[in-house]
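# A closer look at the structure
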Amino acid sequence: MTEKRFKPVGGVAHAELFAVHSLGGVEDIVSGQGVAVPLMDDGSHYDEQIEASGLPVSVEHTLTLCSDRNLSEGWRDKEFLRHAAAEGVVAHITLLTGERLMVGWSPHFGFEQALRLRSLTFHSGSRPAEQPKVVLTLASRDTTSALDQ
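A brief look at the structure comes next. Since the model is a prediction, treat every value here as computed from it, not as a measurement.

## With respect to helix α2 (residues 78–86)
Looking at α2, one finds that the buried residues are F80, L81, H83 and A84. For α2, the buried positions fall inside an angular range of 170° around the axis, keeping them on one side. Two or three places before E79, at the start of α2, stands the capping residue D77, its side-chain oxygen 3.1 Å from that residue's backbone nitrogen. Just downstream of α2, G88 is the residue with a positive phi angle, here 95°.

As structure tokens, then:
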């Protein structure tokens, strides 16, 4: 049997989430002090949708993160979920391309339009070889692309 080799080019390799309630400014975002859960090899992604249905043009940010059920305690913590829903979080993400983005903070709005909890879903798997996973989806809307920061 031939071993499959591939170079991943899309998706999120790493994400660290920082609760907005504990941040005074963007300088308070320090790597290693947020909630970082090991991500599965596939399923995590960041999406931006720019809409011009009204003025000003708006940008919807959606961050979807997938982790093994047994490694996702940080996301399932009641305090984390409460803060993610109410005040929101800022995410430092690293894409598989190596690009680093900060989502949930913008120069215009600061932390006002932080990422907020859209859903936390548990999937048991539908096939014998499929491992149970937890999917965290966070979203926000502002006027700035994270790609332009």
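Still to come is the rest of the account.
## Observations concerning the pairing of strand β6 (residues 100–103)
Bridge count between strand β5 (residues 89–95) and β6: four bridges; the pairing is antiparallel. The residue of β6 that forms the bridge with H92 is M102. The hairpin turn running from β5 into β6, its antiparallel successor, is four residues long, and G98 in that turn takes a positive phi close to 100°.

What counts as what
Residues numbered from 1 in each chain as written. Predicted model: local features only at pLDDT ≥ 70, side-chain atom pairs only at ≥ 80, totals over all residues. Heavy atoms only, no water. Buried < 20%, exposed > 50% of the residue type's maximum accessible area, 1.4 Å probe, protein only. Helix = DSSP H or I, 4+ residues; strand = E, 2+ residues; numbered from the N terminus. Arc of directions from axis to C-beta. Polar contact = N/O pair within 3.5 Å; in protein donor to acceptor, adjacent residues only side chain to side chain. Pairing = 2+ DSSP bridges.

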